[in-house]
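The primary structure of each chain is shown beneath.
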Amino acid sequence: MKVRTRFAPSPTGYMHIGNLRTALYAYLFAKKNNGDFILRIEDTDRARFVPDAVDFIKRTLKAANIVADEGPGIGGAYGPYVQSERMEIYKKYAMELIEKGAAYPCFCDEKKESAANEDKKFGGYNRACRDIPPEEAKARMETEPFVVRQKMPLTGETSYFDVLHGAISFNNEELEDQILLKRDGMPTYNFANVIDDHLMEVTHIIRGAEFITSTPKHVLLYEALGWETPAFIHLAPVMGKADDGSVSKLSKRHGATSFEDLVNMGYLPEAIVNYVALLGWNPKNSTQEIFSMDELIAEFSLEGLSKSNSVFDYEKLNWMNGEYLKAMTDAEFSKLAKPFAGDLGELEDNWAKISALLKTRISKFNEIPEEIAFLREMPPFDANLYVNKRNKVTPDFAREILPGAIELLEAIPDKDWENDKLYERLNAFITEKGYKKGAALWPVRISVSGKAATPGGATEILSILGKAKSLERMKNSLENLG
RNA sequence: GGCGCCUUCGUCAAGUGGUUAAGACACCGCCCUCUCACGGCGGGUUCAUGGGUUCGAAUCCCAUAGGCGUCACCA
């Protein structure tokens, strides 16, 4: 039998990182087994419907390089793939269950139903509806508003096998007569889900652990319909860590939690996918951590899934993103990083040089503006910045060396104002004077950057700034030294 | 609260009765070095607790604790 998995989000206009991971695993499993991956939109809650959310989901999956074989706008033999377009189908099966006596319509008014009632089993209203004869039910359904409920067993237990967790069972007493069709005619998640997964021939349901406790309801539905149950795989949730060290389900208070947020911060989609893949899954027999999508597909297996919660760790994501950045060519990096650089003004022409220096120094693109701020504008700084213990540099030494360095640089023609030549000249000067290279170049770099740490060394910064600006900065710095 | 799932370094995790309990991030040290970073080398820190079973337990069983989830005409 061909493996078929699905990702079935509700259209909220937001792709939580946990959902992305669920989609990824479903996709990887399908592809690993030469199966199909289906996108299905579960938009049965009219109140929460967000316009354009379907497009958003599709764009997100595309950016993440998760490709659906079937879905809205993609096509496939099992459509439509949007639940609101499948109303007739759900209605048909609901009627079938009513005929069978496995479900029944409830005509009680909404208020009464929602009122608290000790008889929870029947949703807080009278259980008499349960025994309504099918004929009478059908007649009243023509004129009165109703919901359809499934008759749940009063005793015994329902169990199922979860590929990850093994056998799980629940007492049927815990289950109330679940609603199949809502008052507005829409199916509930529990109902539509079962119908669609069966009709779309889904073989493996990969979804979040929050569905563990509602799965017995689904199982009872499969049984009532006389259908075989698919395999269930319930994934442990992704947690976030708060500043106080406490851990809870990943949410806004932990910072960015959607794929889009992360991309906007300057993380690469490939790196996010790679990191998320490893949050709750690991390749057996290997310590590899950097994976392309194809490698993930090749390595993926259900055995590598973790049963326990995992905590989203920005530090590790940073590292991984940095690995992807470093693996890029300078040209690729330069191009992708550019939109994060802001207005470069006169530095525009030197972006290639600047970005090359940035590549090994940032973990994500949004660090760029701060990294290069000193190039736009000389930051004010204190003479103590000239102090460098390791090279035994002091402000006095800066006073000593700077005038000579300025004089030397001033003599260099514009055409020779580039890194290699600058380095060569400065080096010759340093050797001649008997200075140590590290010690001599430190004050130069400070005088021109005003920062203890910079992307690029002294000569690289000089070359980016250009002769005029460099000398202006050096002279000012020397003057400020007094 | 009932029910359910889970529990190896701070974090991601390997491990399925006998291991010096992998590896990675982060952290620390050294080397490299025109600062920082990159790169190289090295280091510390872990089996939630208490009982069993066993010659032997991170691995099996029970209990406790803690975390998470779920109890909707939301998914």
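In this report, we go over the structure that sits alongside the text. Predicted, not measured: the structure shown is a model, and the values here were computed from it.

## Section: the overall build of chain A
Moving on, step 1. Regarding its fold elements, chain A presents 19 helices and 12 strands.
Moving on, step 2. Its C-alpha atoms give chain A a radius of gyration of 32 Å, more than 25% over the compact-globule value 23 Å for 482 residues.
Moving on, step 3. Overall, the C-alpha framework of chain A stretches about 105 × 45 × 40 Å when taken along its three principal axes.
Moving on, step 4. Scored against the burial criterion, the 482 residues of chain A give a buried share of 50%.

## Regarding the pairing of strand 8 (residues 204-208)
Moving on, step 1. With 5 of 5 residues buried, strand 8 lies mostly within the body of the structure.
Moving on, step 2. Sheet topology places strand 8 next to strand 9 (residues 231-235); 5 bridges connect them, and they run parallel. Paired with I206 across the bridge in strand 9 is I233.
Moving on, step 3. Regarding the hand of the β-α-β motif, the stretch spanning strand 8, helix 7 (residues 215-225) and strand 9 is right-handed.

## Some remarks on the packing of aromatic side chains
Moving on, step 1. For the structure shown, the criterion picks out 14 aromatic pairs.
Moving on, step 2. With a centroid separation of 6.3 Å and 65 degrees between ring planes, the pair formed by F107 and F146 is classed as edge-to-face. Here F146 lies in the loop between helix 5 (134-143) and strand 4 (147-150) and F107 lies in the loop between strand 3 (103-106) and helix 4 (110-114), a separation of 39 residues in the sequence.
Moving on, step 3. On the basis of an interplanar angle of 20 degrees and a centroid distance of 4.9 Å, the ring pair of Y189 and F211 is categorised as stacked. Pair noted here: Y189 is in helix 6 (residues 189-199) and F211 is in the loop between strand 8 and helix 7, with a separation of 22 residues, a long-range link.
Moving on, step 4. Given the relative accessible area of 23%, Y189 is considered partly exposed.
Moving on, step 5. Cluster of aromatic residues (ring-pair linked, three or more members): Y25, W281, F291 and F300.
Moving on, step 6. For the cation-ring pair, R4 lies above Y78, with the distance from its terminal atom to the ring centre recorded as 4.0 Å.
Moving on, step 7. Above the ring of W442, the side-chain terminus of R445 is found at 5.0 Å from the ring centroid.

## Some points on the protein's contact with RNA strand B
Moving on, step 1. For RNA strand B, the set of nearby residues contains 63 residues, the closest of which are T44, K182, E289, T360 and R361.
Moving on, step 2. Protein-proximal atoms of RNA strand B, defined as those within 4 Å of the protein, fall in sugar or phosphate at a share of 72%.
Moving on, step 3. A distance of 3.2 Å separates a sugar or linking oxygen of RNA strand B from a polar atom in the side chain of K326.
Moving on, step 4. In this structure, R445 approaches RNA strand B through a side-chain N or O atom, which is 3.1 Å from a base oxygen.
Moving on, step 5. For the surface near RNA strand B, the secondary-structure elements that each account for two or more residues are helix 4, strand 6 (166-171), strand 10 (238-241), strand 11 (247-249), strand 12 (310-311), helix 11 (314-327), helix 17 (437-449) and helix 18 (458-465).
Moving on, step 6. Residue composition of the surface near RNA strand B, grouped by class: 21 nonpolar, 18 polar and 24 charged.

## Describing the sheet that holds strand 10
Moving on, step 1. The strand order across the open sheet formed by 3 strands is 11-10-12, and the pairing between neighbours is mixed. Two strands close off the open sheet at either side, each with one partner strand: strand 11 and strand 12.
Moving on, step 2. With 3 bridges joining them, strand 10 and strand 11 adopt antiparallel strand pairing. Note that in strand 11 the partner of M239 across the bridge is K249.

## Quick word on the side chain of E42
Moving on, step 1. Looking at the secondary structure, you find E42 in the loop between strand 2 (36-39) and helix 2 (53-63).
Moving on, step 2. Within polar-contact distance, the side chain of E42 engages the side chain of N193 at 3.2 Å.
Moving on, step 3. If we skip the residues at most four places from it in the chain, E42 touches A8, P9, S10, P11, Q83, Y189 and N193.

## Let's talk about the sheet that holds strand 3
Moving on, step 1. Taking strand neighbours across the sheet as the criterion, the 3 strands line up as 3-4-7 in an open arrangement whose pairing is antiparallel. Both edges of this open sheet fall to strand 3 and strand 7 (179-181), since each of them pairs with a single strand only. Looking at each pair of strands side by side, their axes are set apart by 40 degrees on average, direction ignored.

## Looking at the nonpolar core
Moving on, step 1. Core analysis: the biggest nonpolar cluster contains 100 residues, and I17 and I66 have the highest contact counts within it.
Moving on, step 2. Once residues within four sequence positions are removed from consideration, I66 is found in contact with L20, A23, L24, Y27, F37, L61 and M293.
Moving on, step 3. Formed by 39 residues, the second largest nonpolar core is a distinct cluster that contains Y160, L221, Y222 and F232.

## Some remarks on the pairing of strand 2
Moving on, step 1. The two faces of strand 2 match: D36 and I38 on one face and F37 and L39 on the other face are all buried.
Moving on, step 2. Judged from the 4 bridges that link them, strand 1 (residues 4-7) and strand 2 form a sheet pairing that is parallel. Opposite R6, over in strand 2, you have I38 as the bridge partner.

## Topic: the environment of K335
Moving on, step 1. Relative to the helices and strands, K335 resides in helix 12 (residues 330-337).
Moving on, step 2. A sequence separation of 122 residues divides K335 from T213, and the C-alpha atoms of the two residues are 48 Å apart.

Reading the values: rules and limits
- Residues numbered from 1 in each chain as written.
- Chains lettered and ligands numbered in written order.
- Predicted model: local features only at pLDDT ≥ 70, side-chain atom pairs only at ≥ 80, totals over all residues.
- Heavy atoms only, no water.
- Helix = DSSP H or I, 4+ residues; strand = E, 2+ residues; numbered from the N terminus.
- Rg over C-alpha atoms; globule rule 2.2 N^0.38 Å.
- Buried < 20%, exposed > 50% of the residue type's maximum accessible area, 1.4 Å probe, protein only.
- Pairing = 2+ DSSP bridges.
- Right-handed = clockwise from strand over helix to strand, strands pointing away.
- Phe/Tyr/Trp six-rings, centres within 6.5 Å; stacked < 30°, edge-to-face > 60°.
- Lys NZ or Arg CZ within 6 Å of the ring centre and 35° of its normal.
- Near = heavy atom within 4 Å.
- Polar contact = N/O pair within 3.5 Å; in protein donor to acceptor, adjacent residues only side chain to side chain.
- Nonpolar A, V, L, I, M, F, W, Y, C, P; charged D, E, K, R; others polar.
- Contact = heavy atoms within 4.5 Å.
- Axes fitted to C-alpha atoms, helices over the stretch in contact; angles between N-to-C directions.
- Core = buried A, V, L, I, M, F, W, Y, C linked by side-chain atoms within 4.5 Å.

These figures come from the coordinates and say nothing about function on their own.
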